[in-house]
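Each chain is listed here by its residues.
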Amino acid sequence: MTTFVHQTIARARTMAVPYKLGEVVVGDDPFNGRREGLVAVKNGTFVGLQAADKIVFYDYRQLRRPD
């Protein structure tokens, strides 16, 4: 029972990432650079972009839809 309550509270605290899996977005970060790719992974507030051969993780607030 405590595990269920803990998981429910953790999900409630986590912001919903506004991007769907497979959506094209642009990530801009001073450490990772600017990359365009598909949303491949959503983990809490982090989003994994499939860019070229690898997955690069960004905070969802550093992503935007391409112009």
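See the structure above.
Just so it is clear, the model here is predicted, and its values are computed rather than measured.

**Overview of the sheet that holds strand β2 (residues 33-43)**
Strand order in this open sheet of 5 strands is β4-β3-β2-β1-β5, and the pairing throughout is antiparallel. The open sheet has two edge strands with one neighbour each: β4 (54-59) and β5 (63-64). Sheet analysis places strand β3 (residues 46-51) next to β4, joined by 6 bridges and oriented antiparallel. Along β4, the bridge assignment pairs Val47 with Tyr58.

**Here we look at a nonpolar patch on the surface**
A surface patch of nonpolar side chains, about 440 Å² in accessible area, is lined by Met1, Phe4, Val5 and Ile9. On the secondary structure map, Ile9 appears in helix α1 (residues 2-13). Overall, Ile9 belongs to the partly exposed group, its relative accessible area being 39%.

**A word on unusual backbone geometry**
A positive phi is found at Ala52, a non-glycine position, where the angle reads about 60°. Summarising the element assignment, Ala52 is placed in the loop between β3 and β4. Judged by relative accessible area, which is 75%, Ala52 ranks as exposed.

**Comments concerning the pairing of β3**
With 5 bridges connecting them, β2 and β3 associate as antiparallel partners. Bridge pairing in β3 links Val39 to Leu49. Counting the residues in the hairpin turn of β2 and β3 gives 2 residues, including Gly44, whose phi is positive at 65°. Between β3 and β4, which pair antiparallel one after the other, the connecting turn spans 2 residues, and Ala52 there sits at a positive phi close to 60°.

Cut-offs applied
Residues numbered from 1 in each chain as written. Predicted model: local features only at pLDDT ≥ 70, side-chain atom pairs only at ≥ 80, totals over all residues. Heavy atoms only, no water. Pairing = 2+ DSSP bridges. Helix = DSSP H or I, 4+ residues; strand = E, 2+ residues; numbered from the N terminus. Patch = residues over 30% accessible without salt bridge, like charges linked within 9 Å, V, L, I, M, F, W, Y side chains within 5 Å. Areas by Shrake-Rupley, 256 points an atom, 1.4 Å probe, with all protein chains shown as cover. Salt bridge = Lys/Arg side-chain N within 4 Å of Asp/Glu carboxyl O. Buried < 20%, exposed > 50% of the residue type's maximum accessible area, 1.4 Å probe, protein only.

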